[in-house]
Amino acid sequence: MQPKERVLAKLRLQQAHQCLMSAKMLMDFGDSRGAVNRAYYAMFHGMRSALALEGKDFAKHSGVISYFRKEYVKTGIFSKDLSDTITNLFNSRSSSDYSDVWECTDEEVIELIEEAFAFIEAIDDFHKNRF
């Protein structure tokens, strides 16, 4: 692994953590749509931080998600539960960002944020031996 990949991975991981904190703060202020958006992007930047270590990136979210599932979930590096988290957060973010009428309880949004936290904890553990 090259030093530039390591630096990029760290930057993306920091961005993931910032998005997590933003999700929590937005939820505390009653902005559930914004909270779901930030929770999704925390997970997305977490995936990209893992891919950065091998010099991979994709122009589309679907490319990042597909590669992460194929190379990291299907191979057993990460648990299948994380694939479910990806689906939940992707679908929820798409609905909250693009639907005129979006209904989600506070409890459901809090659960999505907790899923994002668990996802980033798994990413943190993955990175611990690599930094």
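Everything below is about the structure printed above this text.
Residues numbered from 1 in each chain as written. Predicted model: local features only at pLDDT ≥ 70, side-chain atom pairs only at ≥ 80, totals over all residues. Heavy atoms only, no water.

## A few points about the side chain of S49
For the record, the criterion: The way it works is that DSSP assigns letters per residue, a run of H or I at least four long becomes a helix, a run of E at least two long becomes a strand, and they are numbered from the N terminus. Residue burial is assigned from relative accessible area. The probe radius is 1.4 Å, only protein chains are included, and a residue is buried under 20% of its type maximum, exposed over 50%, and partly exposed in between. Identification of polar contacts relies on pairs of N or O atoms within 3.5 Å, with a donor-acceptor requirement for protein atoms, meaning one able to donate a hydrogen and the other able to accept it, and with residues adjacent in sequence counted only if both atoms are side-chain atoms. Throughout, a contact is declared for two residues whenever any of their heavy atoms are within 4.5 Å.
Summarising the element assignment, S49 is placed in helix α2 (residues 32–52). With a relative accessible area of 0%, S49 lands in the buried category. Among the polar contacts listed, one links the side chain of S49 to the backbone oxygen of G46, at a separation of 2.6 Å. Polar side-chain contacts of S49 include one of 2.8 Å to the side chain of H127. Apart from residues lying up to four places away in sequence, S49 is in contact with A9, R12, L13, I123 and H127.

## Looking at a nonpolar patch on the surface
Heads up, the condition is: Each patch groups residues whose relative accessible area exceeds 30% and which form no salt bridge, using 9 Å between like charges and 5 Å between nonpolar side chains of Val, Leu, Ile, Met, Phe, Trp and Tyr. Note that accessible areas follow from Shrake-Rupley with a 1.4 Å probe, and for residues the cover is restricted to the protein chains shown. Throughout this description, the term salt bridge denotes a Lys or Arg side-chain nitrogen within 4 Å of a carboxyl oxygen of Asp or Glu.
Residues V7, L8 and L11 make up a contiguous nonpolar surface patch of roughly 250 Å² in combined accessible area. Following the sequence through the fold, L8 ends up in helix α1 (residues 3–28).

## Quick notes on the environment of S83
For S83, the location among the structural elements is in helix α4 (residues 80–98). Setting aside anything within four residues of it in sequence, one finds S83 in contact with R69 and V73.

## Digging into the nonpolar core
Put simply, the test is: Each nonpolar core is a collection of buried residues, namely Ala, Val, Leu, Ile, Met, Phe, Trp, Tyr and Cys, held together in the definition by side-chain atoms within 4.5 Å.
Judged by nonpolar contacts, the single largest core of 40 residues is most densely connected at M47, F68, Y72, F78 and F119. Within the residue set of this core, elements represented by two or more residues are α1, α2, α3 (61–73), α4 and α5 (106–128). Ranked by the residues each element gives to this core, the list is headed by α2, at twelve residues. Those residues in contact with F78 that sit more than four places away from it in its chain are F68, Y72, V73, A122, I123 and F126.

## Notes on the packing of aromatic side chains
The geometry of an aromatic ring pair is captured by two quantities: the separation of the ring centres and the angle between the planes. To keep things clear, this is the line we draw: Any two of the Phe, Tyr and Trp rings considered here, Trp counted by its six-membered ring, make a pair once their centres fall within 6.5 Å; the pair's planes then place it as stacked at under 30 degrees, edge-to-face at over 60, or tilted in between.
What the rule picks out here adds up to eleven aromatic pairs. Ring geometry for Y41 versus F44: centroids 6.0 Å apart, planes at 85°, classification edge-to-face. In this pair, Y41 and F44 both sit in helix α2, three residues apart, roughly one turn of the helix. On the accessibility criterion, F44 (6% relative accessible area) is buried.

## Re the pattern of salt bridges
One side chain can pair with another of opposite charge once the charged atoms of both are near each other. According to the stated counting rule, one finds seven salt bridges in the structure shown. The partner of R12 in a salt bridge is D57, with the nearest N and O atoms 3.0 Å apart. Of the two residues, R12 sits in helix α1 while D57 sits in the loop between α2 and α3, which places them 45 residues apart along the sequence. A relative accessible area of 36% means that D57 is categorised as partly exposed. Taken together, the salt bridges that share partners define one network made up of R12, R48 and D57.

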